[in-house]
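These are the residues of each chain, in order.
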Amino acid sequence: MLRRCYIWLICQHPPEFRRRFAAEMLGIYDQMHGRRGWLFFDAARSVLRQHLTQQRPPEPALASADGAPRFQTIAPYSLAWSTMMEGGIITVALLCLLAYAGTHGSRRLPFLIGSYHGPGFLHVTDVSNTASGLDTRVVMPEEKADPIRDAARAYFGSLLLLRALDADGNLVLSSWEILTAPSALRKLDTNRDGQLSAEECGFTASTGLDQRLVAYGRETFMTTNPVLRVLDADHDGTISGTEMLTATPSLRSLDRNVDGKLSASEVLPDPDLVWAVLESAAILEAVDTDGDAGITATERLSPRAARYREIIVAADRDHNGITTRTEVTAELRLRRERQRQQEAAEQVLGNSGPTKQPSF
Amino acid sequence: MVSPNDFLPLSPVSLHVLLALAMNDMHGYAIMQAVRLQSGERYQLGPGTLYDSLGRLLSQGLVKEAEAPDGEADSRRRYYQLAPMGRRVLDAELSRLEEILALAKASRARPRERRA
């Protein structure tokens, strides 16, 4: 193997030198045992010296037929071997320097391919870098479980209006997206009537459903989704042209932490509100027999209302004898809030009080 | 007409090679060994350096190829001998070195003048 390398080095000499001395150099190499490194260094130095000091003969002169003076060029037009060798040596040295800096430097060079190891990128392990085979192992970073993000992804995906507002799809309404909200909303106006209906915002209802239920679903859709609720400032169930124009300040009213953007937690509907709305719908469906969206005193007394009577009576805050759906929803939310406070208080007392001994 | 002085001063490698060939006709490996002995094993030529220098001496006409002696087994070996011009150049170089040496000795023997 070493002998082949030495032969290769000899072959790098200029042809004339090679023809004359190659066999002798190889003979000396075979005769000398040991000091191989010195022999290789000497041969490499000889290659360099031969190419750098080699003088090219001048181009042959052009013959003149009419007796005019003949000219010849001294400098060759083609690239000299020495020049190419110098360029090659400088290139190899620079590449070696870059490779060394890229692998041994304390900071990875950002412009080198594969040197960036920032978060969010696939990380190729060092084991796979050094492996000789082609079975490169790519380790996917473990995605942390984020229930809010999962819910936000599903929510943004299901709500047409949010998809239109979140132009870059990062589940956050940036300040720029909030600023450009009016134009994004106008694109949703498919029937060009200058306002957005619940359907244009993403509400869908199965065909054949009772119109009363559809209307209630539409109202629920516009009130339970925070973004729609603030955009529909007059709560008439549609986003008018004026409301579209004032979309930016309306959306900013949801920015609880005043960071200039709306994160998922600020956009997601309040689970307690959703629960209360659905629960009140179920109560009215059971009790409101005449379908006027209010529970009258007569309906309160019906056997179907027995189960909810206490809630219905308590919900009638204005004591007018009619409990509306809104009042039921508010009452249910209030009760859920009280329940949470009570649970929190019990938890605090349980932690600070004396430890209960288990009874046998 | 080329004068021996035109080749002076000789490089250390050329001087050693010419000195080695002045003793006898030699092949490359023998020249390397001779140079090593001449310098008290302080200077060793490699094949690349040797043939680089030999090529130049051959083209200058200071060295020429010689017939291989009878019984030489290795057909790859070529023998070299000092050309007449090479011998004259070597003599001129040695004379030059002797003059330098004499000058150096004379300057060393002279006592230094002390500054007032």
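In this report, we go over the structure that sits alongside the text. Just so you know, these numbers come straight off a predicted model, no measurement behind them.

## Overview of the overall build of chain A
Now for step 1: Across its full length, chain A carries 19 helices and four strands.
Now for step 2: The buried share among the 360 residues of chain A stands at 19%.

## A look at the overall build of chain B
Now for step 1: A count of helices and strands for chain B gives four helices and three strands.
Now for step 2: Helices (α) and strands (β) of chain B occur, in sequence order from the N terminus, as α-β-α-α-β-β-α.
Now for step 3: Partitioning the intrachain contacts of chain B with sequence separation of at least 6 by distance along the chain shows that 55% fall at a separation of at least 24.

## Remarks on the interface of chain B and chain A
Now for step 1: Counting residues at the interface gives 13 residues for chain B and 18 residues for chain A.
Now for step 2: Within the residue set of the side of chain B that touches chain A, elements represented by two or more residues are helix H2 (28–38) and helix H3 (47–60) of chain B.
Now for step 3: Split into classes, the residues belonging to the side of chain B that touches chain A amount to three nonpolar, five polar and five charged.

## Looking at the sheet that holds strand E3 (residues 79–82) of chain B
Pairing between the strands of a sheet is mediated by backbone hydrogen bonds and can be parallel or antiparallel.
Residue and element names in this part refer to chain B.
Now for step 1: What the three strands build is an open sheet, ordered E1-E3-E2; its pairing is antiparallel. Of all strands in the sheet, those bounded by a partner on one side alone are strand E1 (26–27) and strand E2 (63–66).
Now for step 2: Note that E1 and E3 share two bridges and pair antiparallel. Across the sheet, residue Met26 finds its bridge partner in E3, namely Tyr80.
Now for step 3: Across the face of the sheet, helix H1 (residues 12–23) comes into contact with E1, E2 and E3 while running at roughly 95 degrees to E3.

## Some remarks on the packing of helix H2 (residues 15–31) of chain A against H3 of chain B
Now for step 1: The N-to-C vectors of H2 of chain A and H3 of chain B enclose an angle of 145 degrees; their axes lie 10 Å apart at closest approach. The handedness of the crossing between H2 of chain A and H3 of chain B comes out as right-handed. Of the residues in H3 of chain B, those in contact with Phe17, Arg20, Phe21, Glu24, Met25, Ile28 and Tyr29 of chain A of H2 of chain A are Pro47, Tyr51 and Gly55 of chain B.
Now for step 2: In terms of residue class, the contact of H2 of chain A with H3 of chain B is made up of seven nonpolar, one polar and two charged.

## Overview of the nonpolar core
Now for step 1: Membership of the largest hydrophobic core comes to 30 residues, with the highest contact counts inside it found for Val17, Leu21, Ile31, Leu54 and Val63 of chain B.
Now for step 2: Examining the composition of this core, we find that five residues originate from one element, H2 of chain A, more than from any other.
Now for step 3: Look past the residues within four positions of Leu21 of chain B in its chain and what remains in contact with it is Met26, Val63, Tyr80, Gln81 and Leu82 of chain B.
Now for step 4: Judged by nonpolar contacts, the second largest core, of 25 residues, contains Leu228, Leu231, Ala247 and Leu251 of chain A.

## Some points on the pairing of E3 of chain B
Residues and elements named next belong to chain B.
Now for step 1: Burial along E3 is one-sided: Tyr80 and Leu82 are buried, while Tyr79 and Gln81, pointing the other way, are not.
Now for step 2: Looking at chain direction, E2 and E3 are connected through four bridges and run antiparallel. Its bridge partner being in E3, Glu65 is matched across the sheet by Tyr80.

## What about H1 of chain B?
Residue and element names in this part refer to chain B.
Now for step 1: For H1, with twelve residues, the first-to-last C-alpha span of 17 Å sits near the 16 Å given by 1.5 Å per residue.
Now for step 2: Among the residues of H1, Ser14, His16, Val17, Leu18, Ala20 and Leu21 are the ones counted as buried.
Now for step 3: As for H1, its buried residues are in contact with E1, H2, H3, E2, E3 and helix H4 (84–109).

## Brief notes about the environment of Val13 of chain B
Residues and elements named next belong to chain B.
Now for step 1: Mapped onto the elements of the fold, Val13 is located in helix H1.
Now for step 2: It is 8.8 Å that separates the C-alpha atoms of Val13 and Val35, two residues lying 22 residues apart in sequence.
Now for step 3: Here Val13 is in contact with Leu45, Thr49 and Ser53, once residues within four sequence places are set aside.

## Structural notes on unusual backbone geometry
Now for step 1: Cis geometry marks the peptide bond from Leu8 of chain B to Pro9 of chain B; its omega dihedral reads -5 degrees.
Now for step 2: Within the secondary structure, Pro9 of chain B is located in the segment before H1.
Now for step 3: The backbone of Arg192 of chain A shows a phi angle near 55 degrees, a positive value even though the residue is not glycine.
Now for step 4: Here Arg192 of chain A shows up in the loop between helix H9 (181–186) and helix H10 (198–201).
Now for step 5: Exposure remark for Arg192 of chain A: the 6 C-beta atoms within 10 Å place this residue in the exposed category.
Now for step 6: A positive phi angle, close to 50 degrees, is found at His319 of chain A, a residue other than glycine.
Now for step 7: The residue His319 of chain A is located in the loop between helix H18 (309–315) and strand E4 (323–324) in this model.

Conventions used here
- Residues numbered from 1 in each chain as written.
- Chains lettered and ligands numbered in written order.
- Predicted model: local features only at pLDDT ≥ 70, side-chain atom pairs only at ≥ 80, totals over all residues.
- Helix = DSSP H or I, 4+ residues; strand = E, 2+ residues; numbered from the N terminus.
- Buried ≥ 20, exposed ≤ 12 C-beta atoms within 10 Å, placed from the backbone.
- Contact = placed C-beta atoms within 7 Å.
- Nonpolar A, V, L, I, M, F, W, Y, C, P; charged D, E, K, R; others polar.
- Pairing = 2+ DSSP bridges.
- Axes fitted to C-alpha atoms, helices over the stretch in contact; angles between N-to-C directions.
- Left-handed = near helix turned anticlockwise from the far one by under 90°.
- Core = buried A, V, L, I, M, F, W, Y, C linked by C-beta atoms within 7 Å.
- Expected span 1.5 Å × (residues − 1).

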